[in-house]
Amino acid sequence: RARRAAHLPGPPRRGIALGASLGVLQLGVALALFEGFSRAPVGLVVLVFFCYPLIVAVAAAFLFGEELGPRRVAVLALGTAGVALTVGVPESANATGIALGLLAGIGVAGLVLSARALTTKGGIAPLVLCGLMFTSPLIVLLPVTAARGIDLDLSGEAWLWAAGAVVVSVVIPMALFYT
């Protein structure tokens, strides 16, 4: 209503739909990671997942013409080596778990690249995009939780801590990242 009164254009409908679909993709990434954790060692799934910065850097060079110079390649190599050293070599590996971790990494790379396109060329403000990306999974999950049931019997203090954790560790960092 305030936008109409001030004659400010809102985000394009196509951009809103694409932003909301990124939220659903984000939900799929989380599900792939959790399922991967249940099938393969967590460290291995995390290692494969964290290939996404490498995917983003290479794809951004092709899609957006970003420079992929020696410094960026060195940083990516050091980051990947650091993750590998932290995780170590797991005793067992499950191909499905590894594939799910890789799928989650590819999904996050797609989120980052798509968000960049939407915020720079698609007419979506970063904060609007974050709002879309956090409300669309909720819309998807509401009927699922209604059908399956969910125990929401938590204390007010627990809800406050959970909300604070989500806002501080996810919403604010993502809004800053996309901005």
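The coordinates are above.
Only a predicted model underlies this, so the values are computations on that prediction, with no experimental measurement involved.

Colleague: Could you clarify how one ought to interpret the packing of aromatic side chains in this entry?
Modeller: The geometry of an aromatic ring pair is captured by the separation of the ring centres together with the interplanar angle, meaning the angle of the planes. Under the defined criterion, the tally for this structure stands at five aromatic pairs. With a centroid separation of 6.3 Å and 65 degrees between ring planes, the pair formed by Phe34 and Phe37 is classed as edge-to-face. Pair noted here: Phe34 and Phe37 are both in helix H2 (residues 13-39), with a separation of three residues, about one helical turn. Under the relative-accessibility criterion, Phe37 is labelled partly exposed at 27%.

Colleague: What is the right way to look at the pattern of salt bridges in this model?
Modeller: One side chain can pair with another of opposite charge once the charged atoms of both are near each other. Counting across every chain of the model gives three salt bridges. Across the salt bridge formed by Glu35 and Arg39, the nearest N and O atoms sit 2.8 Å from each other. Highlighted residues: Glu35 and Arg39, both in helix H2, separated by four residues, approximately one helical turn. The exposure class assigned to Arg39 is partly exposed, which follows from its relative accessible area of 40%. When the shortest N-O distance is used, the salt bridge between Arg116 and Glu66 registers 2.2 Å.

Colleague: Explanation requested: the packing of helix H3 (residues 42-49) against helix H6 (residues 95-120) in the structure shown.
Modeller: Orientation of H3 relative to H6, taken along the N-to-C sense of each, is 35 degrees, at an axis distance of 7 Å. The hand of the H3/H6 crossing is right-handed. Contacts between H3 and H6 involve Leu44, Val45, Val48 and Phe49 from the former and Gly97, Ile98, Gly101, Leu102, Ala104, Gly105 and Val108 from the latter. In terms of residue class, the contact of H3 with H6 is made up of eight nonpolar, three polar and no charged.

Colleague: Help me understand helix H4 (residues 52-64), please; the structure alone is not making it clear to me.
Modeller: Since one α-helical turn is 3.6 residues long, residues separated by three or four positions face the same way. In a regular helix each residue adds 1.5 Å, so 13 residues correspond to 18 Å; H4 covers 17 Å between its end C-alpha atoms and thus fits that length. Among the residues of H4, those classed as buried are Val56, Ala57, Ala59 and Ala60. At the C-terminal side of H4, Gly65 shows a positive phi close to 70 degrees.

Colleague: For this particular structure, what's the right way to read H3?
Modeller: Taken as a whole, H3 has its buried residues at Leu44, Val45, Val48 and Phe49. Viewed end-on, H3 has its buried residues packed into an arc of 135 degrees, placing them on one side of the element.

Colleague: I tried to follow the side chain of Ser136 on my own but got confused; where do I start?
Modeller: Following the sequence through the fold, Ser136 ends up in helix H7 (residues 126-148). Within the local environment of Ser136, its side chain forms a polar contact with the backbone oxygen of Leu132, the two atoms lying 3.0 Å apart. Those residues in contact with Ser136, other than ones at most four positions away along the chain, are Ala20, Gly23 and Val24.

Thresholds, definitions, all that
- Residues numbered from 1 in each chain as written.
- Predicted model: local features only at pLDDT ≥ 70, side-chain atom pairs only at ≥ 80, totals over all residues.
- Heavy atoms only, no water.
- Phe/Tyr/Trp six-rings, centres within 6.5 Å; stacked < 30°, edge-to-face > 60°.
- Helix = DSSP H or I, 4+ residues; strand = E, 2+ residues; numbered from the N terminus.
- Buried < 20%, exposed > 50% of the residue type's maximum accessible area, 1.4 Å probe, protein only.
- Salt bridge = Lys/Arg side-chain N within 4 Å of Asp/Glu carboxyl O.
- Axes fitted to C-alpha atoms, helices over the stretch in contact; angles between N-to-C directions.
- Left-handed = near helix turned anticlockwise from the far one by under 90°.
- Contact = heavy atoms within 4.5 Å.
- Nonpolar A, V, L, I, M, F, W, Y, C, P; charged D, E, K, R; others polar.
- Expected span 1.5 Å × (residues − 1).
- Arc of directions from axis to C-beta.
- Polar contact = N/O pair within 3.5 Å; in protein donor to acceptor, adjacent residues only side chain to side chain.

The values are spatial; any link to function lies outside them.
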